[in-house]
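Observations on the three-dimensional arrangement
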Amino acid sequence: MANLKEIRNRITSISSTMQITSAMKMVSAAKLKKAQDAITAMRKKGNDILSKTLKVVDNQSTIFDHLSFDNVAVIAETLTQKFVSGEYDKIELIYNQFKNAATQIVQTEQFLPLAPI
């Protein structure tokens, strides 16, 4: 059976570990917030860079604030109608693929016409 001194040392050790864990949680929360802010700011920068070299018809980056099938379906339907009417001959989607909170990979996919896999 442990004596009183060993129990006090153990309590002190656990208390110290709890303080360290709490500090680590606060640091990681601050880093995550910073990464999220950078991702949000990167949405406007992507549009700015693409508009310099390509014709950007529409920027729908605000869709990520309320992402749902209904919101995406409206955009897809509009794009499909413009493709079928001949207004556009090719539609490409450019987006950031999530790897982790600090890393996003820029992806370009052809939406219409459907490309063979």
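Now for a look at the structure at hand. (Residues numbered from 1 in each chain as written. Predicted model: local features only at pLDDT ≥ 70, side-chain atom pairs only at ≥ 80, totals over all residues. Heavy atoms only, no water.)

Moving on to the overall build of the protein. The number of helices and strands found in the protein is two helices and two strands. Listing every helix and strand of the protein by position from the N terminus yields α-α-β-β. For a compact globule of 117 residues, the expected C-alpha radius of gyration is about 13 Å, and the protein comes in at 25 Å, more than 25% above that figure. Along the first, second and third principal axes, the C-alpha atoms of the protein reach 85 × 30 × 25 Å. (Helix = DSSP H or I, 4+ residues; strand = E, 2+ residues; numbered from the N terminus. Rg over C-alpha atoms; globule rule 2.2 N^0.38 Å.)

Right, let's get into the layout of surface pockets. A probe matching the size of a water molecule, rolled over the atoms, marks out where space remains unfilled. Roughly 1,600 Å³ of internal volume is contained in the largest pocket. The element that contributes the greatest number of residues to the lining of the largest pocket is helix α1 (residues 4-53), accounting for eight residues. In the lining of the largest pocket, the residues fall into 21 nonpolar, eight polar and seven charged. (1 Å grid on protein atoms, 1.4 Å probe; cavity = no way out; pocket = protein on both sides within 12 Å on 5 of 7 lines; lining within 4 Å. Points joined across faces, edges and corners; volume = space filled by probe spheres on them. Nonpolar A, V, L, I, M, F, W, Y, C, P; charged D, E, K, R; others polar.)

Attention now goes to the pattern of salt bridges. Scanning the entire structure with this criterion turns up two salt bridges. Where aspartate 37 meets lysine 33, a salt bridge forms, and the shortest distance between an N and an O atom there is 3.1 Å. Linking aspartate 37 with lysine 33, this pair stays in helix α1, spanning four residues, or about one helical turn. Across the pair lysine 90 and glutamate 92 runs a salt bridge whose closest N-O atoms are separated by 3.2 Å. (Salt bridge = Lys/Arg side-chain N within 4 Å of Asp/Glu carboxyl O.)

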